[in-house]
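Each chain is listed here by its residues.
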Amino acid sequence: MARKQPKRPPNTIAVNKKARFDYFIEDTFEAGLELQGWEVKSLRAGKGQLTESYVIFRDGEGWLLGAHITPLTTASTHVNPDPTRTRKLLMHRQELDQLIGLVERKGYALVALDLHWKKGRAKALIGLAKGKKQHDKRATEKDRDWQRDKARILKAH
């Protein structure tokens, strides 16, 4: 029997589940994405993927690397689409300066947590993260297993 996929809100495009397992997320920021037309059509069709994606800073601007948007064959006939191209993040200067300081001085990482629609525009939820050690990951997994077993026990009674 096929496993049922969990229900996501209708405005969610893609979620990076691995990010919360690999990192401690300390703060989140919402950023717009500078997209091409074929990318918007693909995201509307749910063809976005965020595994292994992260944010870097170049020339005082934020860029999303590693996000994969699969091109639709019908939408991208006249352009040569690059599914993993670097996409510019649209954020306020004050937020960018704050994030640049945290990443460069305090050693934080920025990972993309999810892509979603907000008022018809594609937004990325960016997490300010610290890396987890192996024992932290085991503790997370142990806690998740216990929550699942606890729910199973309560359901049985």
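A brief report on the enclosed structure follows. Quick caveat: nothing in here was measured; it's all calculated off a predicted structure.

Let us now look at the pattern of salt bridges. When their charged atoms lie close together, side chains carrying opposite charge are able to pair. Counting across every chain of the model gives 8 salt bridges. Its salt-bridge partner being K118, residue E30 comes within 3.1 Å of it at the nearest N-O pair. On the criterion of sequence distance, the pair formed by E30 in strand β2 (residues 23-33) and K118 in strand β8 (residues 109-118) is long-range, its members being 88 residues apart. Since its relative accessible area comes to 40%, K118 is described here as partly exposed. The structure contains a network of salt bridges with shared partners spanning E39, R85 and R87.

Looking at the secondary structure, you find G101 in helix α3 (residues 93-106). Between the C-alpha atom of G101 and that of N11, which follows or precedes it by 90 residues, the distance is 31 Å.

Positive phi values are uncommon outside glycine, yet E52 reaches one of about 65 degrees. Structurally, the position occupied by E52 is in the loop between β3 (48-49) and β4 (54-58). Judged by its relative accessible area of 62%, E52 falls in the exposed class.

Glancing now at the environment of F21. Following the sequence through the fold, F21 ends up in helix α1 (residues 17-22). Look at F21 and you get partly exposed, because its relative accessible area is 23%. For the pair F21 and E141, spaced 120 residues apart in the sequence, the C-alpha separation amounts to 8.4 Å. Once residues lying within four places of it in the same chain are set aside, the contact partners of F21 are K132, K137, T140, E141 and R144.

In this description, an aromatic ring pair is defined by two values, namely the gap between the centres and the angle between the planes. Applying the stated criterion across every chain, the model contains 0 aromatic pairs. Directly above the ring of W117 sits R44, whose terminal nitrogen or CZ lies 3.9 Å from the centroid. It is K130 that lies over the ring of Y108; its NZ or CZ is 4.5 Å from the centre.

Assignment of secondary structure puts S53 in the loop between β3 and β4. Residue S53 is classed as buried on the basis of its relative accessible area, which comes to 4%. A polar contact of 2.6 Å, which involves the side chain of S53, links it to the backbone oxygen of L50.

Buried within helix α2 (residues 37-44) we find W38, E39, S42 and L43. Around the axis of α2, the buried residues are gathered within 135 degrees of arc, so they sit on the same side. In this structure, the buried residues of α2 make contact with β1 (12-15), β3, β6 (68-69), β7 (87-90), β8 and β9 (121-131). G46 occupies a position one or two residues after α2 and carries a positive phi of about 80 degrees.

Reading the values: rules and limits
- Residues numbered from 1 in each chain as written.
- Predicted model: local features only at pLDDT ≥ 70, side-chain atom pairs only at ≥ 80, totals over all residues.
- Heavy atoms only, no water.
- Salt bridge = Lys/Arg side-chain N within 4 Å of Asp/Glu carboxyl O.
- Helix = DSSP H or I, 4+ residues; strand = E, 2+ residues; numbered from the N terminus.
- Buried < 20%, exposed > 50% of the residue type's maximum accessible area, 1.4 Å probe, protein only.
- Contact = heavy atoms within 4.5 Å.
- Phe/Tyr/Trp six-rings, centres within 6.5 Å; stacked < 30°, edge-to-face > 60°.
- Lys NZ or Arg CZ within 6 Å of the ring centre and 35° of its normal.
- Polar contact = N/O pair within 3.5 Å; in protein donor to acceptor, adjacent residues only side chain to side chain.
- Arc of directions from axis to C-beta.

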